[in-house]
Amino acid sequence: MFNPKNIHCLALNYKGVGENAEKPLYFIKSTNTLCFNGSLVNYPQNSSKLWTEVELGIVVSKDCSDIEESDAEKYIDGYIVCGDITCENILNRDHHLGFSKSRKNFCPVSTKIVKLTRSELFNLELTTMINGKVTQKGSIREMLFDPYKSLSYVSSITELNQGDIILTGTPAGVDNNTIYVGDKVSHRIEKIGEVSFEVCTWV
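Below you will find a few notes about this structure. (Residues numbered from 1 in each chain as written. Predicted model: local features only at pLDDT ≥ 70, side-chain atom pairs only at ≥ 80, totals over all residues. Heavy atoms only, no water.)

1. A short note on the overall build of the protein chain
Here comes step 1: Helix and strand content of the protein chain: three helices and 12 strands.
Here comes step 2: In summary, the protein chain has a C-alpha radius of gyration of 16 Å against a globular reference of 17 Å for 203 residues, a match within 12%.
Here comes step 3: Taking the principal axes of the C-alpha coordinates as reference, the protein chain spans close to 45 × 35 × 35 Å.
Here comes step 4: Burial analysis of the protein chain (203 residues in total) assigns 53% to the buried set.
Here comes step 5: For the protein chain, long-range pairs separated by at least 24 residues make up 74% of all intrachain contacts whose partners lie at least 6 apart in sequence.
Here comes step 6: Accessible area for the protein chain stands at about 9,500 Å²; split by element, carbon and sulfur atoms hold 45% of it.
Here comes step 7: Of the side chains in the protein chain, 21 bear a positive and 25 a negative charge, and the two mean positions are spaced by 4 Å. (Helix = DSSP H or I, 4+ residues; strand = E, 2+ residues; numbered from the N terminus. Rg over C-alpha atoms; globule rule 2.2 N^0.38 Å. Buried < 20%, exposed > 50% of the residue type's maximum accessible area, 1.4 Å probe, protein only. Contact = heavy atoms within 4.5 Å. Areas by Shrake-Rupley, 256 points an atom, 1.4 Å probe, with all protein chains shown as cover. Lys, Arg positive; Asp, Glu negative; His and termini not counted. Charge placed at Lys NZ, Arg CZ, Asp CG, Glu CD.)

2. Side note on the environment of serine 102
Here comes step 1: Mapped onto the secondary structure, serine 102 falls in the loop between α1 (96-99) and β7 (107-108).
Here comes step 2: A sequence separation of 71 residues divides serine 102 from threonine 31, and the C-alpha atoms of the two residues are 8.1 Å apart.
Here comes step 3: Apart from residues lying up to four places away in sequence, serine 102 is in contact with Ile28, Lys29, Ser30, Asn32 and Thr33.

3. Looking at the pattern of salt bridges
Here comes step 1: Counted under the stated rule, the structure contains seven salt bridges.
Here comes step 2: Across the salt bridge formed by lysine 137 and glutamate 125, the nearest N and O atoms sit 3.6 Å from each other. Of this pair, lysine 137 sits in strand β9 (residues 133-139) while glutamate 125 sits in strand β8 (residues 125-130), placing them 12 residues apart in sequence.
Here comes step 3: Overall, glutamate 125 belongs to the partly exposed group, its relative accessible area being 31%.
Here comes step 4: Residues glutamate 194 and arginine 188 are paired through a salt bridge, measuring 3.3 Å at the closest nitrogen-oxygen approach.
Here comes step 5: Overall, glutamate 194 belongs to the partly exposed group, its relative accessible area being 36%.
Here comes step 6: Linked by salt bridges that have partners in common, Lys29, Asp84 and Lys101 make up one network. (Salt bridge = Lys/Arg side-chain N within 4 Å of Asp/Glu carboxyl O.)

4. Here's the deal with the sheet that holds strand β12 (residues 193-200)
In a beta sheet, neighbouring strands pair by backbone hydrogen bonds and run either parallel or antiparallel.
Here comes step 1: Strand order across the open sheet formed by five strands is β4-β12-β11-β8-β9, with mixed pairing between neighbours. This sheet does not close on itself; its edge strands, each paired only once, are β4 (39-42) and β9. Taking each pair of neighbouring strands and ignoring which way they run, the sheet shows an average axis angle of 20°. (Pairing = 2+ DSSP bridges. Axes fitted to C-alpha atoms, helices over the stretch in contact; angles between N-to-C directions.)

5. With respect to the sheet that holds strand β1 (residues 7-11)
Here comes step 1: Spatially, five strands are ordered β2-β1-β10-β5-β6 in an open sheet, and the strand pairing comes out mixed. Of all strands in the sheet, those with a lone pairing partner are β2 (25-29) and β6 (76-87), marking the two edges. On average, adjacent strands in this sheet sit at an angle of 30° to one another, irrespective of strand direction.
Here comes step 2: Of the strand pairs in this sheet, β1 and strand β10 (residues 165-167) are connected by three bridges, and their pairing is parallel. Residue pairing in the sheet places isoleucine 7 in a bridge with isoleucine 165 of β10.

6. A word on the pairing of β6
Here comes step 1: Here β6 lies mainly inside the structure; 11 of its 12 residues are buried.
Here comes step 2: Of the pairings in the sheet, the one linking strand β5 (residues 50-60) to β6 comprises 11 bridges and is antiparallel in character. Looking across to β6, one finds that valine 60 is bridged to isoleucine 76.

7. Description of the environment of alanine 21
Here comes step 1: Of note, alanine 21 is situated in the loop between β1 and β2.
Here comes step 2: C-alpha separation for the pair alanine 21 and arginine 103, spaced 82 residues apart in sequence, amounts to 27 Å.

Here it is, written out as structure tokens:
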């Protein structure tokens with residue numbers, strides 16, 4: 001199982017998502033968000049909306065910082081499937097990326113680390129299914145910062161540690177991914193795997 005010191009995240013890293021700025025948005029999810037296949041995700045109390053996103057996860061192979069894009073592959077242990085779950089920011093009082101994304105089990109991940117070459121990686125499809133219906137579909141080729149550039153970029157912001165996970169953003173279609181109590185969700189990436197979870201009432 002994984003024991004990352006940090007879960008690093010990029011947003012707005014796919015064509016057709018958000019503002020398509022020059023660089024993706026960077027933030028960190030708490031490590032208590034990490035969970036695995038078959039987990040239960042509590043629908044937060046007093047929140048009126050919950051949604052999920054499929055993301056390619058990079059597992060960092062060794063401590064590093066300020067890595068050149070051309071050397072990034074040396075620091076990638078492999079890839080996993082990740083979900084990035086978000087709840088509505090209640091009353092808009094707290095920063096969205098902290099309040100809304102760092103709840104327990106808000107980062108379900110697959111457990112098998114899969115090694116892929118550059119050519120194997122870039123045309124893979126990402127899919128979200130809710131209750132057996134496809135609600136989101138995209139391709140890694142639509143990324144603005146590919147996995148190598150993503151690792152290089154994050155390593156220029158902060159030191160990466162062995163075992164850290166980098167979530168690389170989600171493709172278009174997340175507007176279809178609102179989830180409710182009782183929903184069963186599956187995130188899949190070709191050749192890499194799947195992670196599933198179920199939404200439950202607060203316990």
